[in-house]
Amino acid sequence: MNADNPNTVLVTGAAGFIGSHLCEALLARGHRVMALDNLSTGDTAHLERLLGHKGFTFQKRDVGLEPTPEMSQAGRVFNLACPASPAHYQQAPVDTVLSSVLGAWRLLELAQQSGARLLHTSTSEVYGDPEQHPQREDYWGHVNPNGARSCYDEGKRCAEAMLMAYRQQRGVDVCMARIFNTYGPRLSPGDGRVVSNFIVQALQGDDLTIYGDGQQTRSFCYVDDTLRGLLLLMDSGEVGPVNIGNPGEHTMLELAEMVLRLTGSRSRLVFMPLPQDDPRRRCPDISLAKSMLGWQPEVELEDGLQRTIHHFRGLLGARSVTVA
């Protein structure tokens, strides 16, 4: 680690959903935070409360550009720079691949020169439409390299390969977290993620859109739990990859019904064709996170959804919906 500035942290993708929460957590721990985001999907409103903090700086900057000299001051680097929602990355597949691969390369070169420890946020999408359930880190995945989701899936897989190559050949200090479906306040309306889609539709009285028969599953991890996992991994000295997710598995129908109940919405369910390569089941095996990091999620789905619904009520100015 950069011995000159062990408390200086660089966060890419800092104006995003997870990135903005991470910046707050790092500042609360006493770190100086240099935040970068090209704002292709991030929102500076997420960082408004931090802009006056003496330990916080923000640059609108693409992670694929050559690092600036001040970035070499960071002793730790968190790389969260990449569109994470299908609605975003499928509209910009070239930029998605470049942010994953070229961005990782730029940060690895920076870490090699400065001695920083680099945490790369990978994704459960590296497992594709899995044939192993639940998914362990030693599972190689079942990914379509040419499909609608490949820009994200294969971009993240290539970034993982690059991290391991730099570690093995050049001794760069790296670690990798495979994040599973994080949700919570600061999700954006219209970002295409199922939790935000359902909540916004329910609060606005619109039909809840379910793709396929609704029996496909996901595992939802509240943002506070995801952050604890990332910070523990960075502090641990471990390499990974390590799954960071909640092993509670829920069908899309179960999630929709829970959102309707918690919002009191009268919205109906409507069914649409399943998108190409949409995974049928997704659930992490977190045995490694438990043994390596002493980590497991603490926030139950219903509690996390209530907090997220409260966020969206304020964001949308939606009145409470009452059951007939």
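Residues numbered from 1 in each chain as written. Predicted model: local features only at pLDDT ≥ 70, side-chain atom pairs only at ≥ 80, totals over all residues. Heavy atoms only, no water.

Description of the sheet that holds strand S3 (residues 56-60)
Strand pairs in the sheet, formed through backbone hydrogen bonds, run parallel or antiparallel to each other. Formally: Two strands form a pair only when DSSP identifies at least two bridges running between them. What counts as a helix is a DSSP run of H or I of at least four residues, what counts as a strand is a run of E of at least two, and both are numbered from the N terminus. Angular values range over 0 to 180 degrees, each being the angle between N-to-C directions of two axes fitted as lines to C-alpha atoms, with helices fitted over their stretch in contact. In this description, contact between two residues means that some pair of their heavy atoms is separated by no more than 4.5 Å.
Spatial strand order, S3-S2-S1-S4-S5-S6-S11: seven strands in an open sheet with parallel pairing. Single-partner strands in this sheet number two, and they are S3 and strand S11 (242-244). Here the strands of the sheet are splayed against their neighbours by 20° on average, with no regard to which way each runs. Strand direction decides the pairing type here: strand S1 (residues 8-12) and strand S4 (residues 76-79), joined by four bridges, are parallel. Note that in S4 the partner of leucine 10 across the bridge is valine 77. Docked against the sheet, helix H1 (residues 17-28) engages S1, strand S2 (32-37), S3, S4 and strand S6 (174-179), running at close to 170° with respect to S1.

Overview of the pairing of S2
Spelled out, the test is: Whether a residue is buried, partly exposed or exposed follows from its accessible area with a 1.4 Å probe, protein chains only, as a fraction of its type maximum: under 20%, in between, or over 50%, in that order. Seen with the strands pointing away from the viewer, any crossover whose path from the first strand over the helix to the second strand runs clockwise is right-handed.
When you tally the buried positions in S2, you get five out of six residues, the bulk of the element. Summarising the sheet, S1 and S2 pair through five bridges and their orientation is parallel. By the bridge assignment for S2, leucine 10 is matched with methionine 34. Taken together, S1, H1 and S2 constitute a β-α-β crossover, and its handedness is right-handed. Two elements, S2 and S3, share five bridges in a ladder whose sense is parallel. Pairing of leucine 36 across the sheet is with glutamine 59, part of S3.

A short note on the state of the cysteines
Operational definition: Disulfides are defined as pairs of cysteine sulfur atoms found within 2.5 Å of each other.
For the structure shown, the criterion picks out zero disulfides. With no disulfide of its own, cysteine 82 lies closest to cysteine 151 among cysteine sulfurs, the gap being 8.0 Å. For cysteine 151, a relative accessible area of 7% translates into the label buried.

Overview of the environment of glutamine 216
Let me state the cut-off plainly: Residues adjacent in sequence count toward polar contacts only when both atoms are side-chain atoms; beyond that, a polar contact is any pair of N or O atoms within 3.5 Å, and within protein one must be able to donate a hydrogen and the other to accept it.
Mapped onto the elements, glutamine 216 comes out in the loop between strand S8 (208-211) and strand S9 (217-218). Judged by its relative accessible area of 8%, glutamine 216 is buried. Sequence separation between glutamine 216 and phenylalanine 198 is 18 residues, and the spatial gap between their C-alpha atoms is 15 Å. Apart from residues no more than four positions distant in its own chain, glutamine 216 is found in contact with Tyr211, His250, Thr251, Met252, Leu274, Asp278, Pro279 and Arg280. A distance of 2.7 Å separates a polar side-chain atom of glutamine 216 from the backbone oxygen of tyrosine 211. A polar side-chain atom of glutamine 216 sits 3.3 Å from the main-chain amide nitrogen of glycine 214.

Some remarks on helix H5 (residues 194-203)
Here H5 lies mainly inside the structure; nine of its ten residues are buried. Val194, Val195, Ser196, Phe198, Ile199, Val200, Gln201, Ala202 and Leu203 are the residues of H5 that are buried. On its buried face, H5 is in contact with strand S7 (182-183), S8, helix H7 (252-263) and helix H9 (301-316). A positive backbone phi angle near 75° is found at glycine 205, which sits one or two residues after H5.

Focus on the environment of aspartate 225
Mapped onto the fold, aspartate 225 is located in helix H6 (residues 223-236). The spacing of aspartate 225 and asparagine 246 is 21 residues in sequence and 8.7 Å in space, taken between C-alpha atoms. Here aspartate 225 is in contact with Trp295, Pro297, Glu298 and Val299, once residues within four sequence places are set aside. A polar atom in the side chain of aspartate 225 sits 3.0 Å from the side chain of arginine 228.

Let's talk about the packing of H5 against H7
The line we're drawing: For classification, angles of less than 35 degrees are called roughly parallel, those exceeding 145 degrees roughly antiparallel, those between 65 and 115 degrees roughly perpendicular, and all remaining angles oblique. Crossings are sorted by hand: turned counterclockwise from the far helix by less than a right angle, the near helix makes the crossing left-handed, and turned clockwise it makes it right-handed.
The geometry of H5 relative to H7 is characterised by a closest axis approach of 10 Å and an angle of 40° between their N-to-C directions. Relative to H7, the element H5 lies oblique. The chirality of how H5 crosses H7 is right-handed. For the pair H5 and H7, the contacting residues are Val194, Val195, Phe198, Ile199, Ala202 and Leu203 in the first and Met252, Leu255, Ala256, Val259, Leu260 and Thr263 in the second.

Just geometry here; none of it tells us what the structure is for.
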